[in-house]
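Listed here are the chains, written in short residue letters.
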Amino acid sequence: MNQNNFLEEMRDFSNYFSSNLVKRLIVYDELPSTNAKGKVLARSGAEEGTVILARIQKKGRGRFERVWASPAGGVYLSIVLRPKQPLRNASLLTLIGALAVSKTIGHFGVSSKIKWPNDVRINEKKVAGILLETETDNKETFYVVLGIGVNLNIDNAQLPKELRNEATSLLWELGTSIDYKEFLQQLFSDLETNYSMFQNGYFDVILDEWKTHSDTIGKKVKILSQTGEIVGIAHDIDENGFLIVTTDNNKRKKIFSGDCIYLK
Ligand code: BTN
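Reading the values: rules and limits
- As a convention, each chain's residues are numbered from 1 in the sequence order in which they are written.
- Where local features are concerned, this predicted model is filtered to residues with pLDDT of at least 70; where side-chain atom pairs are given and counted, the filter is 80 or more; whole-chain, interface and lining totals use all residues.
- Only hydrogens and water are removed before side-chain values are computed, so all heavy atoms of the structure are retained for them.
- It suffices for a single heavy atom of a residue to lie within 4 Å of a molecule or strand for the residue to be listed as near it.
- Think of a polar contact as two N or O atoms within 3.5 Å of one another; within protein, one of them needs to be a possible hydrogen donor and the other a possible acceptor, and neighboring residues in sequence only count if both atoms come from side chains.
- For the accessible areas, the method is Shrake-Rupley and the probe is 1.4 Å, while residue cover comes only from the protein chains on display.
- Each helix is a run of DSSP H or I of at least 4 residues and each strand a run of E of at least 2, with the numbering of both proceeding from the N terminus.
- Only heavy atoms enter the contact rule, under which two residues are in contact if any of them lie within 4.5 Å.
- Working definition: with a 1.4 Å probe on protein chains only, accessible area under 20% of the residue-type maximum means buried, over 50% means exposed, and in between means partly exposed.
- The pairing criterion for strands is at least two bridges between them, as found by DSSP.
- Given a helix with a known number of residues, its expected span is that number minus one, times 1.5 Å.
- Note on definitions: salt bridges are taken to be side-chain nitrogens of Lys or Arg within 4 Å of carboxyl oxygens of Asp or Glu.
- A fitted line through C-alpha atoms serves as each axis, taken over the contacting stretch for helices, and the angle formed by two N-to-C directions is quoted from 0 to 180°.
- For classification, angles of less than 35 degrees are called roughly parallel, those exceeding 145 degrees roughly antiparallel, those between 65 and 115 degrees roughly perpendicular, and all remaining angles oblique.
- Residues are grouped as follows: Ala, Val, Leu, Ile, Met, Phe, Trp, Tyr, Cys and Pro are nonpolar; Asp, Glu, Lys and Arg are charged; every other residue, Gly included, is polar.

### Thoughts on the site of the ligand
- Surveying the vicinity of the ligand reveals 19 residues, the closest of which are Ser33, Gln57, Arg61, Arg63 and Lys126.
- The side chain of serine 33 places a nitrogen or oxygen atom 2.8 Å from an oxygen atom of the ligand.
- One of the side-chain nitrogen or oxygen atoms of asparagine 118 is found 3.3 Å away from an oxygen atom of the ligand.
- Coverage of the ligand by the protein chains reaches 98% of its 420 Å² of free accessible surface.
- Those elements that provide at least two residues to the shell around the ligand are α2 (34–43), β3 (75–81), β6 (125–136) and β7 (142–150).

### Structural notes on the side chain of asparagine 194
- Along the chain, asparagine 194 falls in helix α5 (residues 180–199).
- Reaching out from asparagine 194, the side chain makes a polar contact with the backbone oxygen of isoleucine 96 at a distance of 3.4 Å.
- Residues within four places of asparagine 194 in sequence aside, it is in contact with Ile96, Leu99, Ala100, Lys103, Ile206 and Glu209.

### Regarding the pairing of β3
- When you tally the buried positions in β3, you get seven out of seven residues, the bulk of the element.
- Alternating residues of β3 divide into Val75, Leu77, Ile79 and Leu81 and Tyr76, Ser78 and Val80, and every residue in both groups is buried.
- Across five bridges, the pairing between strand β2 (residues 50–57) and β3 is antiparallel. Bridge pairing in β3 places leucine 53 opposite leucine 77.
- Direction of pairing for β3 relative to β7: antiparallel, over a ladder of seven bridges.

### Section: helix α3 (residues 92–107)
- Between its first and last C-alpha, α3 extends 23 Å over 16 residues, near the 22 Å set by a 1.5 Å rise per residue.
- Extensive coverage of α3 is indicated by the burial of 14 of its 16 residues.

### A word on the pattern of salt bridges
- If you walk through the whole model with that rule in mind, you get 12 salt bridges.
- A salt bridge links arginine 55 to aspartate 29; the shortest N-O distance between them is 2.5 Å. Here the residue arginine 55 occupies a position in strand β2, and aspartate 29 occupies one in strand β1 (residues 24–31), the gap between them amounting to 26 residues. Like aspartate 29, arginine 55 is buried.

### Considering the sheet that holds strand β12 (residues 259–262)
- Pairing within the open sheet is antiparallel, and its five strands lie in the order β11-β10-β9-β8-β12. Every other strand in the sheet has two partners, leaving β11 (252–255) and β12 as the edge strands with one partner each. Within the sheet, the average angular offset between the axes of one strand and its neighbour, ignoring direction, is 45°.

### Description of the side chain of aspartate 29
- On the basis of relative accessibility, which here comes to 11%, the residue aspartate 29 falls in the buried class.
- Polar side-chain contacts of aspartate 29 include one of 2.5 Å to the side chain of arginine 55.
- When near neighbours in sequence (up to four residues on either side) are disregarded, aspartate 29 contacts Gln3, Leu7, Ala54, Arg55 and Ile56.

### As for the packing of α5 against helix α6 (residues 203–213)
- Running from N to C, α5 and α6 cross one another at 140°; their axes reach a closest spacing of 8 Å. Between α5 and α6, the angle is such that the two are oblique. The segment α5 lies against α6, with Asn194, Met197 and Phe198 engaging Phe203, Val205, Ile206 and Glu209.
- Residue composition of the contact of α5 with α6, by class: five nonpolar, one polar and one charged.

Written as structure tokens, this is what we have:
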């Protein structure tokens, strides 16, 4: 889709898509980052369910300020959420985003696995990532901007060379492209289901489903976090979405955030 087609098709899509979650769809041809835009809008009061979508991002960001390559053909969106759950449960939203993407990919006939907390992978190559940014407002409530990037109809050559061995796209996996609007509609619907379970406090249902989509539990892992490195067996995930690792000297560590590397 080129620039003109994209904006036209998205205008058309915003007239017919159905979602109880997505209240407003704001579409750009090009943005530095949909998450950056989402935060600006959220700070000025954007309602829950505001989605910012871009055909291309020039400064797409991943976790730990990494670059998220965002050429045409991928899905780049951010959704503003104003959860009624307490802040301590917010990191579950990363898992919810990854679960929704993994389910959506499944609807198109491809099986994917989630690597805690946010990588969606096909045959051990990353196809999608989630960037959750949380801010509190002056009413002492909080909001989040949940950013989702999916390598949908992206060709190998469109990604930076250094990523080509560790990333994949649905186009490469299927050998054919997926309809962007159909994918978006399915993703909105999977997000809506998961988010409504979160809002209603069904954390155990979410976590059970997350576990069936993840290949992290049971693996030997190395976690790189701000406080250092932890090696052990990924034992479980707790009700807040923290990873529980049993280290070699039999200590249980709860990990809030970090980079997870699978060890052989
Ligand atoms: C990661 O795997 O590190 C997270 C990647 C998240 C990328 C998405 S693309 C849409 C949104 N806008 C951004 O700048 N980042 C997220």
